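Next come the chains, spelled out residue by residue.
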Amino acid sequence: MEGATIYDLIPVEEAKRQKQARHVSKFKLTAKHEHTENRTNHKTMGQAKVPVPTTDDYLKKRSKEPVLPDKTQFRYPDEERRRPGVPAKDNTPLMGLKTNKNFITTNAVQNITSVPKASQKIYCDTRNGDKNYLTPSGLEPKYVHKKEYGDTPTYLVKRKEEMQRAQEEYDAYIAEHFRRGAMRSLTTDERQAILKGLQTNWEDIHDQYQSLSVVTDTAPKKNRKERMEAEMKQLERDIESFQRHKVIYISN
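For every chain, the first residue of the written sequence is number 1, and numbering continues from 1 onward in sequence order. The model is predicted, so local features are restricted to residues of pLDDT at least 70 and side-chain atom pairs to those at 80 or more, both for listing and for counting; the totals for chains, interfaces and linings are taken over all residues. Computation of side-chain values: all heavy atoms of the structure, hydrogens and water removed.

Peer 1: How should helix 5 (residues 219–244) be read in this particular structure?
Peer 2: For an α-helix, 3.6 residues make a turn, and residues three or four places apart therefore share a direction. Labels follow the DSSP assignment, with helices taken as runs of H or I lasting at least four residues and strands as runs of E lasting at least two, numbered in each case from the N terminus. Multiplying 1.5 Å by the residue count of a helix minus one yields the expected span of that helix. For helix 5, with 26 residues, the first-to-last C-alpha span of 38 Å sits near the 38 Å given by 1.5 Å per residue. Accessible area is worked out with a 1.4 Å probe on protein chains only. A residue is then buried under 20% of its type maximum, exposed over 50%, and partly exposed in between. Of the positions making up helix 5, those classed as buried are Met228, Met232, Leu235, Ile239 and Phe242. Buried residues belonging to helix 5 abut helix 4 (188–210). Note on contacts: a residue pair is in contact if any heavy atoms of the two residues lie within 4.5 Å.

Peer 1: Sorry, what's going on with the environment of His206 here?
Peer 2: In this structure, His206 sits in helix 4. For the pair His206 and Thr188, spaced 18 residues apart in sequence, the C-alpha to C-alpha distance is 27 Å.

Peer 1: For this particular structure, what's the right way to read the pattern of salt bridges?
Peer 2: Pairs can form between side chains of opposite charge whenever their charged atoms are close. When a carboxyl oxygen of Asp or Glu lies within 4 Å of a side-chain nitrogen of Lys or Arg, that pair is called a salt bridge. On inspection of all chains with the given rule, the structure shows 6 salt bridges. A salt bridge links Arg244 to Glu240, with the nearest nitrogen and oxygen atoms 3.7 Å apart. Taken together, the positions of Arg244 and Glu240, both in helix 5 and 4 residues apart, correspond to about one turn of that helix. Using a relative accessible area of 48% as the deciding quantity, one classes Glu240 as partly exposed.

Peer 1: Would you take a moment to explain the nonpolar core for this structure?
Peer 2: Buried together is how nonpolar side chains tend to be arranged in soluble globular proteins. Residues enter a nonpolar core if they are buried and are Ala, Val, Leu, Ile, Met, Phe, Trp, Tyr or Cys, with the set joined through side-chain atoms within 4.5 Å. Membership of the largest hydrophobic core is limited to 10 residues, which are Leu186, Leu195, Leu198, Ile205, Met228, Met232, Leu235, Ile239, Phe242 and Ile248. When contributions to this core are tallied by element, the ones reaching two or more residues are helix 4 and helix 5. Element by element, the count of residues in this core is highest for helix 5, at 5 residues. Apart from the residues within four sequence positions on either side, Met228 is in contact with Ile205, Gln208, Tyr209 and Leu212.

Peer 1: Explain the packing of aromatic side chains here, please?
Peer 2: The geometry of an aromatic ring pair comes down to the distance between the two centres and the angle between the two planes. Two aromatic rings, drawn from Phe, Tyr or Trp (for Trp, its six-membered ring), form a pair once their centres lie within 6.5 Å of each other, and the interplanar angle then sorts them: stacked below 30 degrees, edge-to-face above 60, tilted otherwise. Enumeration over the complete set of coordinates arrives at 1 aromatic pair. Consider the ring centre and the ring normal. A charge sits over the ring if Lys NZ or Arg CZ is within 6 Å of that centre and within 35 degrees of that normal. In this structure, Lys60 packs its charged tip against the face of Tyr58, placed 5.6 Å from the ring centre. We note Arg82 situated over the ring of Tyr76; from NZ or CZ to the ring centre the distance is 4.1 Å.

Take a look at the structure:
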């Protein structure tokens, strides 16, 4: 045999391979706890050791039959509104009783001294004579017969007094500024002259606006049109203000 030597006869010890350390998860205890958290010893398969029943706990006769409630006397729900029962045959009324009361005179006196009942206003709306009350129908004019009908409501009187008080305070404030000479009011001629001037300016701008080109295809045309529209709106607001206020104050 080629390559064989005497040293091959010497027994050689087998080298043992070193095993790596077994991996242990750090969540082992958590998983074990979650696995056994909601379990009990006999949750699904029953108890491991069934307790032996005592001699006292034996099955008695009729112990599993349902227990009925105690007997009570039956009563109808509307028993209080029911009429009394028919009297018994041996319940005879008293016979032979007489009275000295004069029913004719009593009835006459009662009718003479009684207050007549107020009649209800009714109307019929069908040919068969179906009657309805007139007061809640809305056909009876009941509001016009009220004591306070036609009077000015209280809240309107109060609001009028508040407006009058505010006007008096404003007049006092204006009078104080007149006394100091800090402001004056426009006369009728001045007001009319200013109003006429505003109207003339509006008409001039309006004539120029009417003569503008229909097509605003350039920026200058567009800007001029917008400027003239803004000026006319401002003049319209000024004219409305002068026409609405009869007295106009100006500061010196």
